[in-house]
Amino acid sequence: MKWFYSNDDPLTTTLLGCLIIFFVIIILTRIIGLRSFAKFTVYDFAFTVAIGSIISSILTSSTSVVHGSIAIAGLLFLTYIFSYLQLKSPTLSNLLSNSPLLLMEGSTILYENLKAARIEKSQLIAKLREANVLNYEQVHAVILESTGDISVLHSSGSAQNEKFDKSLLEGVRRGNS
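Residues numbered from 1 in each chain as written. Predicted model: local features only at pLDDT ≥ 70, side-chain atom pairs only at ≥ 80, totals over all residues. Heavy atoms only, no water.

Draft legend 1. Region of the structure containing the overall build of the protein. Within the protein one finds six helices and four strands. For the protein, the N- to C-terminal ordering of α and β elements is α-α-α-α-β-β-α-α-β-β. Taking the contacts inside the protein whose residues are at least 6 apart along the sequence as the reference set, 54% of them involve residues at least 24 apart. Split by element, the accessible area of the protein, about 11700 Å² in all, is 62% carbon and sulfur. (Helix = DSSP H or I, 4+ residues; strand = E, 2+ residues; numbered from the N terminus. Contact = heavy atoms within 4.5 Å. Areas by Shrake-Rupley, 256 points an atom, 1.4 Å probe, with all protein chains shown as cover.)

What follows is the structure, given as structure tokens:
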């Protein structure tokens, strides 16, 4: 039965740690900004994984709440610094960020880009269904965003002649370059 619960488990310590870390993250995020938990770049992903790991080690009592809070604050500060440096340096921004990739241009599926992104046609079609696309003629573009999300830009069913602003594709790679 010890595998399920042991009297030695510090449940009150874990619950108190949850409460404290919850407020620490809220306070630090309010100071640093919501950008710290956005999923824009590789380092944002690394930050999110690291925060989860720190919280886990705090709640399992292998790390003190103070130590963990300082580690979280340090990671938030690094995220703030890197986001500032990315704004100032396009080179650093290109190193840290994936460029969006065009998966469909109009009604044409770009199979080479699907292959490069390791996305199956069935996954692309599922995204089209999620976006309520009724036929390929409605599609203006499908983009694999730098966040890993897939955006479907399409006309509504009743307005297929809507004007598509090509500037929405600014910064989107058309090929595997």
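Draft legend 2. Representation of the pairing of strand β4 (residues 150-154). Pairing of strand β3 (residues 139-144) with β4, which is carried by five bridges, proceeds in the antiparallel orientation. Within the sheet, the bridge partner assigned to Val 139 lies in β4 and is His 154. (Pairing = 2+ DSSP bridges.)

Draft legend 3. Molecular detail of the pattern of salt bridges. The full count for this structure, using the stated rule, is two salt bridges. Measuring nitrogen to oxygen at the nearest pair gives 3.3 Å for the salt bridge that ties Glu 105 to Arg 174. Of the two residues, Glu 105 sits in strand β1 (residues 101-105) while Arg 174 sits in the segment after β4, which places them 69 residues apart along the sequence. Note on Glu 105: relative accessible area 37%, which makes it partly exposed. (Salt bridge = Lys/Arg side-chain N within 4 Å of Asp/Glu carboxyl O. Buried < 20%, exposed > 50% of the residue type's maximum accessible area, 1.4 Å probe, protein only.)

Draft legend 4. Summary view of the pairing of β1. Counting buried residues in β1 gives four out of five residues, a clear majority hidden from the surface. Pairing between β1 and β3: four bridges, direction antiparallel. Each residue of the ladder has a partner; that of Glu 105, found in β3, is Ala 141. In the sheet, β1 pairs with strand β2 (residues 108-109) via two bridges, with the strands oriented antiparallel. Opposite Met 104, over in β2, you have Ile 109 as the bridge partner. Connecting the antiparallel pair β1 and β2 is a turn made up of two residues, with Gly 106 showing a positive phi of about 65 degrees.

Draft legend 5. Inspection of the sheet that holds β4 at higher detail. In space, the four strands of this open sheet follow the order β2-β1-β3-β4, with antiparallel pairing throughout. A strand with exactly one partner marks an edge of an open sheet, and here the two such strands are β2 and β4.

Draft legend 6. Main features of the nonpolar core. Membership of the largest hydrophobic core comes to 16 residues, with the highest contact counts inside it found for Leu 103, Met 104, Ile 119, Leu 124, Leu 128, Val 142 and Leu 144. Those elements that place two or more of their residues in this core are β1, α5 (111-117), α6 (121-130), β3 and β4. Among all residues touching Leu 144, those that are not within four sequence positions of it are Pro 100, Leu 101, Leu 103, Ala 117, Ile 119, Asp 149 and Ile 150. Leu 28, Ile 51, Ile 54 and Ile 58 belong to the second-largest nonpolar core, a separate cluster that totals 10 residues. (Core = buried A, V, L, I, M, F, W, Y, C linked by side-chain atoms within 4.5 Å.)

Draft legend 7. Examining a nonpolar patch on the surface more closely. A cluster of nonpolar side chains, Leu 16, Leu 19, Ile 20, Phe 22, Phe 23, Ile 26, Ile 27 and Ile 31, forms an exposed patch at the surface whose accessible area comes to about 770 Å². What makes Ile 20 partly exposed here is its relative accessible area of 33%. (Patch = residues over 30% accessible without salt bridge, like charges linked within 9 Å, V, L, I, M, F, W, Y side chains within 5 Å.)

Draft legend 8. Structural context of helix α3 (residues 65-88). In a regular helix each residue adds 1.5 Å, so 24 residues correspond to 34 Å; α3 covers 35 Å between its end C-alpha atoms and thus fits that length. Taken together, the buried positions of α3 are Gly 68, Ser 69, Ile 72, Leu 76, Thr 79, Ser 83 and Gln 86. (Expected span 1.5 Å × (residues − 1).)

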